Every structure is written in C-alpha cells, then in structure tokens.
Amino acid sequence: MPLTSILKKNALDSPSSNKKVLFCMRESARSLIFKFRDTRDQSVFASAFDTLKGSASEDEKLSWLSQMIECVPLLDQKADILVLEFLKIPWFKSEKLSVAAESFTVHLVTAHNYYTYNVLKQLFTLLASGVGGEEQEKEALSEDGKEYCQRVVRAIVTTHKHVPMSRDHLLILARKRMPYFRRFIREHVAYTYSLLLLAGHLPHLRVGFLEVIITNMITMDVHTPRSELAMELEDDESSDEEEMFDMEVDESNVSTEPAGNGIKEGPLCMEHKDGNSLDVLMNLMFGYIHDTCHGIKSTAKQKQNDFNSENISEHRKSEPMCKPGSVRYADNESRRTAGCECGGSEHDLDALKDLFTDLKEVFSRIILKTHASSHTQFLVFYLLALRPGLATIFLDFLRAKKFENPNCFRDERHNAMAYIGSLLARGKFIPFCHVHSCLDIICSWCNSYLENQERVQATNYEDLHLHSPFYFACQTVFYVFTFRYKEYTENTKRLALARSLNLERLVMCQLNPLRVCASPIVNNFAAVTRRFQLAYCYTVMENNKRLQIPSASSEGRVSSNTTLEMFFPFDPYLLIRSRKYISNHYREFDGLPEEAAAAEDAPVNDEDLLENIVSPKSLDFSYSLSPGYHKW
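For clarity, every value in this text was computed on a predicted model and none was experimentally measured.

A closer look at the overall build of the protein chain
Scanning the protein chain from terminus to terminus reveals 29 helices and two strands. A separation of at least 24 residues holds for 80% of the contacts in the protein chain among residues at least 6 apart in sequence. Element-wise, carbon and sulfur atoms account for 52% of the exposed surface of the protein chain, whose accessible area totals about 32,400 Å².

Considering the packing of helix H3 (residues 43-53) against helix H5 (residues 80-87)
Following both chains from N to C, one finds H3 and H5 inclined at 15°, their axes separated by 10 Å at the closest point. Comparing the axis directions of H3 and H5 gives the class roughly parallel. Crossing geometry of H3 relative to H5 is assigned as right-handed. Contact with H3, carried on its side by Phe45, Phe49, Leu52 and Lys53, involves Ile81, Leu82, Glu85 and Phe86 of H5 and no other residues of that element. Classifying every residue of the contact of H3 with H5 gives six nonpolar, no polar and two charged.

Considerations on the nonpolar core
Residues Phe86, Phe124, Leu195, Ile289, Phe470 and Phe481 are the most contacted members of the largest nonpolar core, which totals 186 residues. The greatest single-element share of this core, amounting to 11 residues, is contributed by helix H21 (residues 468-483). Setting aside anything within four residues of it in sequence, one finds phenylalanine 124 in contact with Ile156, Leu170, Leu173, Ala174, Arg177, Tyr191, Leu195 and Leu198.

Quick look at unusual backbone geometry
Phi at arginine 40 is positive, roughly 60°, even though this residue is not glycine. As for its position among the elements, arginine 40 is in the loop between helix H2 (29-39) and H3. Residue arginine 40 is classed as partly exposed on the basis of its relative accessible area of 39%. Here asparagine 512, not a glycine, exhibits a phi torsion of approximately 55°, which is positive.

Let's talk about the packing of helix H13 (residues 273-293) against helix H17 (residues 378-386)
Where H13 meets H17, the axes come as close as 10 Å, and the angle between the chain directions of the two elements is 30°. Taken together, the axes of H13 and H17 are roughly parallel relative to one another. The element H13 and its partner H17 pack so that their crossing is right-handed. In contact with Met282, Met285, Phe286, Ile289, His290 and Cys293 of H13, H17 contributes Phe378, Leu379, Tyr382, Leu383 and Leu386.

Quick word on the packing of aromatic side chains
Summed over the entire model, instances satisfying the criterion amount to 35 aromatic pairs. Taken together, a centroid distance of 5.3 Å and an interplanar angle of 75° make the contact between phenylalanine 86 and phenylalanine 104 edge-to-face. Of this pair, phenylalanine 86 sits in helix H5 while phenylalanine 104 sits in helix H6 (residues 95-111), and the two are 18 residues apart along the sequence. With respect to class, phenylalanine 86 is no different from phenylalanine 104; both count as buried. Aromatic pair phenylalanine 378 and phenylalanine 570: ring centres 5.2 Å apart, planes at 75°, arrangement edge-to-face. Taken together, the residues phenylalanine 378 in helix H17 and phenylalanine 570 in the loop between strand S2 (558-559) and helix H28 (594-601) connect sequence positions 192 residues apart. For the pair phenylalanine 378 and phenylalanine 570, a shared accessibility class is recorded, and that class is buried.

A look at the confidence of the model for the protein chain
Of all residues in the protein chain, 76% attain a pLDDT of 70 or more, and the chain-wide mean is 80. Within the protein chain, helix H15 (residues 314-318) has the poorest average pLDDT of any element, 37, and H17 the best, 96. Confidence over residues 241-267 falls short of pLDDT 50; this stretch has six contacts with residues more than four positions distant or in other chains. Low pLDDT (under 50) marks residues 299-320, which in the prediction has 17 contacts with non-local residues, meaning those over four places away or in another chain.

Focus on the side chain of histidine 294
Note that histidine 294 resides in the loop between H13 and helix H14 (300-308). What makes histidine 294 buried here is its relative accessible area of 1%. A distance of 2.7 Å separates the side chain of histidine 294 from the backbone oxygen of histidine 290, its partner in a polar contact.

Points about H21
Here H21 contains 16 residues, and its C-alpha end-to-end distance of 23 Å stays within 8% of the 22 Å for a straight helix at 1.5 Å per residue. With 16 of its 16 residues buried, H21 lies for the most part within the structure.

Describing the pattern of salt bridges
For the structure shown, the criterion picks out 23 salt bridges. Here aspartate 80 and arginine 40 are joined by a salt bridge, their closest N and O atoms 3.4 Å apart. Residue aspartate 80 is located in helix H5, and its partner arginine 40 is located in the loop between H2 and H3; the two are separated by 40 residues in the primary sequence. Between glutamate 147 and arginine 151 there is a salt bridge, and its shortest N-O distance comes to 3.7 Å. You can see glutamate 147 and its partner arginine 151 sitting in helix H8 (residues 143-162), four residues apart, about one turn around the helix. Under the relative-accessibility criterion, glutamate 147 is labelled partly exposed at 39%. A residue is classified by how much of its surface remains accessible, and arginine 151, at 10% relative accessible area, is buried. The network of salt bridges with shared partners includes Glu95, Glu102, Glu147, Arg151 and Arg154.

Observations regarding the environment of leucine 503
Counting through the fold element by element, leucine 503 comes out in helix H24 (residues 503-508). In sequence terms leucine 503 and valine 477 are 26 residues apart; their C-alpha atoms lie 8.8 Å from each other. Not counting chain neighbours up to four residues away, the residues in contact with leucine 503 comprise Cys443, Val477, Phe481 and Phe525.

Some details on the side chain of threonine 224
Mapped onto the elements of the fold, threonine 224 is located in the loop between helix H11 (206-222) and helix H12 (226-249). Those residues in contact with threonine 224 that lie beyond four places of it in its chain are Leu229, His272, Asp274, Gly275 and Ser374.

Topic: the environment of arginine 30
One can find arginine 30 in helix H2. Taking the relative accessible area as the measure of exposure, arginine 30 reaches 40% and is therefore partly exposed. Ignoring sequence-local partners within four residues, the contact set of arginine 30 consists of Glu70, Cys71 and Leu74.

A short note on the environment of threonine 125
Looking at where threonine 125 falls in the secondary structure, it is placed in helix H7 (residues 116-129). When the C-alpha positions of threonine 125 and valine 152 are compared, they lie 9.9 Å apart, and in sequence the two are 27 residues distant. Within the local environment of threonine 125, its side chain forms a polar contact with the backbone oxygen of lysine 121, the two atoms lying 2.8 Å apart.

The rules behind the values
- Residues numbered from 1 in each chain as written.
- Predicted model: local features only at pLDDT ≥ 70, side-chain atom pairs only at ≥ 80, totals over all residues.
- Heavy atoms only, no water.
- Helix = DSSP H or I, 4+ residues; strand = E, 2+ residues; numbered from the N terminus.
- Contact = heavy atoms within 4.5 Å.
- Areas by Shrake-Rupley, 256 points an atom, 1.4 Å probe, with all protein chains shown as cover.
- Axes fitted to C-alpha atoms, helices over the stretch in contact; angles between N-to-C directions.
- Parallel < 35°, antiparallel > 145°, perpendicular 65-115°, else oblique.
- Left-handed = near helix turned anticlockwise from the far one by under 90°.
- Nonpolar A, V, L, I, M, F, W, Y, C, P; charged D, E, K, R; others polar.
- Core = buried A, V, L, I, M, F, W, Y, C linked by side-chain atoms within 4.5 Å.
- Buried < 20%, exposed > 50% of the residue type's maximum accessible area, 1.4 Å probe, protein only.
- Phe/Tyr/Trp six-rings, centres within 6.5 Å; stacked < 30°, edge-to-face > 60°.
- pLDDT = per-residue confidence, 0-100.
- Polar contact = N/O pair within 3.5 Å; in protein donor to acceptor, adjacent residues only side chain to side chain.
- Expected span 1.5 Å × (residues − 1).
- Salt bridge = Lys/Arg side-chain N within 4 Å of Asp/Glu carboxyl O.

The following block contains the structure:
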C-alpha cells in the first residue's frame, strides 16, 4: 500500500475551495454571551466588537450575525449591554450585511420585545449619522447615501411589521432623533429623505412623520429673518449688475467657455446658513409633493418596477412626466394658471387627495399656529397650485372651521383670515369667481357683525381688542380688493359685482376699520375706491388724523396701540434654489391706477408733507409688515 501524505494537497490547492479561516473569531458568540452573563464585564466582548467595527471583513461580520441569530434565546435582560453594543456596529454599509442585520433584529424583537425601543432608537440614529466626514457638507444625497437610507428604513419597517405595538415608538423616536436645526445640512437631508420613505411605507403614520419634518423646517424658518434674506438678494442683484457693467466695459475679461464647463449659472447656494438649509429642505419637499401627486414612488426600485409593469399603458410610458415647477395657463384667462404642465391628466387622484388631507391636518396643527414663519407654508401653496380645485376646499376650511369658529383661539382665527387674504391675493391659480365669492361671504359676515353691534349699543365703538376679528376681516377685504381691482373694474358687469360688496358701509361704520387697519393697505384701498367711485375713504381718514389720541379699551384701560398687527403669510418667496416651484404660480402687485399714482406723485403742502412723511426703516421689507405693494 503506497504511503500518502496526511496533508491533502489537492483539496488545499483546488481553486473551487472557498473556505476561509476567520482569525478574529478567537471565541464564539455563545461563549462571549455566557461569560458576560456571569461576570457583567464589558471587556469580555470589547475587543471582538472593536474588530467588527473596524478591520473585520464582510464574511467575518456575516458569520457573527449568523451566530448571534442562533443565540437569540440567550439574549435576555442579563445580556442587554452586550446587545446594545452589538447594535452599534455599522451593519448597513452593504446589502448582504443589512439583510443579515435585519434578520437578527427581527429575531431579537420577536423573542424579547423589550428590545424593540432600543433597536428602533439605534436605527433612527443611523439615519442621520450613517455617512460622515466630508459627506456632511454636501447638500444632495448620493446614490450610495440613498441606498443606505433605504436599507435602514427597510429594517425599521420590518421591525414595525413584526411588533405592531411599536407605532408610538416610531413617532417619538422620529422626533427625538431629528438633528439639531443648525447641524450639517447633509444630516437633515438624509433624515428628511428617510422619513419621507417611512411615510410611503407606513401611510397610516404619514401625518406624524410630516409633522416631525415640518416642525424642523418651521424651526429653521423662524430663525431666518426675511430682512437678512432680502439683504442677501439685494447684494446678489447688485453684484450681477456690476458684472454686467464690467462685461460692457472690458470685453477681454469675458469668459468664452461653454455653459457646461461646471461654472454655476446662478446663485444656487445661499450664504445664510439657516436659509440655505431651509432652501434645500423646501426643494426636497416640493419634489416629494410633485412626485406624490403624479403617482411616482419614493424609491428608484419601486419606480422601475412600476415602469416595467404591464398595467401601465404604452401611452403613459411614451409620455414624459411634467417637470417640477412647470405651469399650464388657463384658456379663458391668459394670466391665470391651471395647475402643472400636464393639466391634471397625469395626476394620481387618490394619492393627491390623501396627501392634501394629511398636509391640511399638519397645517392646522403647526403652520397655522406659527406667526413668524415665512416660507414653510408655501408647501400648501404649491399643492393647491398643482390642483387648483382644492383651493376652494382649503379656503372654506380656513373660514368655516377656523375663523368663524368661536372655540378657536383669537390668534388662530386671525392667522386663518390672514391666510385667506394672502392666498386670494397671491394665487394665480384662483379664478376671479372664487375671489368674489370669498369676498362676498366675508363682507356678509362683517355686515352681520355690524348689525349685531348696532343692537348692543354698549360695545358699538372702536376697540381693537374687543372687535379684532371684525378688523381682520375688513383688512382682508381691503387687501384682496386692492390686489385684484383690475379684474373688478375691467367691465361694467364686474364693476357691479364690486358695488354689491357694499364697501361703503364698512368704511363708514362706527367701528372705524380705516383707523385700525395697516396704513399702506388703507391708502391703496382709498386710492382704488376713489378712482372707481366705490367708497369715499379720505373724509374718514382725515378725521382719523385729527383724532390721534389713545382710545379706551373694553377692559377700562387706555390703549395707545390702535394699529392692527397682521402678517401676510404668502409674501414674496426669497429662497433661491426652491423658488422655481413657486414663481410661475405667484402673483405680483399690478400697481395702482394711473390717476391714483399721479395723485401720489403730485406736490403737496408742507403741512401735509409733515403729516404723511414715513421713515424708510418703517417701510422695510420685513415679515408681518409688508403687504407686497411695489410702492413700498
């Protein structure tokens, strides 16, 4: 019998052999678990876990996950520290590891449900801190970053599926793990993108996730004064003018490189840090609203599967989706917009209605109650612009459910009327018939209010605190009529509609709204109504100038502040990157009639000049003070 070597060279040298020796695994997972349960000494597993976090190969990590799945029955509360440290290892850097890690978490929470909160907490922590280093300074997610977020989101959804009682944990952790609003923009983008993915996978929790996202955006919004953004825009415009002047004078400095050389064509990045973060998130949310309304899924894989599905017709495949920010104009009115470029033909009506319902609820909870926000509310504006038919429902909700509801807080009622007025004035997608219908209802409410006050003589006097809802309604009527006066006066039929509003009664009533409302609105309203002989305001305004004395309030104290404070939520949009979604649907002030403008430019007496002179600082383009008139 021939002698043979005990070393099987053929087996070792075979290229088909893929067996590997895992040198870092000096001890098995089972032995480490038993040692820690007996000693409670973290040094038992510290070195092994450090290796898994650092230099361990993918095969070694997969082996550890496989062993930990087998040892799940041993991972009770006596091994809690070991489990928490094991979850902190970055398992979601690759697809294979994420699948194995997801399987481990499912087995863990199914066997020991008291780990559910800690598992979800670690997964939410990974959403914002998954990509670090230089990636944090980037504003857009790379494809690898999106895939990473999708893996973590899939693990969260799977955990929630196996433990349905974790619903409350999801919303609490989504709120707690949100990055600080002045952290790197990359963290906010990754976290917001992930929450939108979760909202798509868990539609019954979408209102809560949208509330978390919008709350974070509101925080950025209120810390971004409009005056600072407006100053930055003015600096950009002045620098553009200087560049144009240099180009005309010295043509040798003009760059002849093509547009595709990587040079930015416009100021896409804002210098204001909070404003730039808000701009990036607004751009992301506008894209989400546009995609949801058109039935586009959140992930690329879902979109590819839907595209390859046989249920989609060839006609739908051949036609490209309308571009975000695109606009379609109405046939009968050239200036009015009628939704996006597709005209509603490519809208997913069920998805659009569900998003409108959820966004309206978030608006009622957060946005409506926030007085100092200047841009976040344009999310609702853009959704209404995509589907103008929803504007009537939204306006009726603000009027009937908020403003006319005495159970709502006074500030909430005031804000509701401010949104009604600003939306009617600024929305190009709202037709004239809807504007007149809203103004007619508000004027009817004001007339009913006056009739009630006439029956109660004790309170029929000027009092800002007592009659503030009436003054807010009057100011809204003045503001909207000034913005849309050209439509009211383009023919005799519409001029008759303007007279049917009975504006003269509001002007001449004893509550004296012309004295309480903001002076720029009153001055422009007086000029328009005088030009078309709808109301005569100047006599009342002159009397108010002579009576510049403090007025007594209903509570018996003397009030020196008799000017109505009202903000205009849809003031001009100042964020550069995301402005493309709003600009086509936004109405600018057309200016006063020529006769009124000429009267304002006419010379006046010295006494009148002293009475009417206004400090430039008081006319600053600041939030809650500007009705958006070009004359300011």
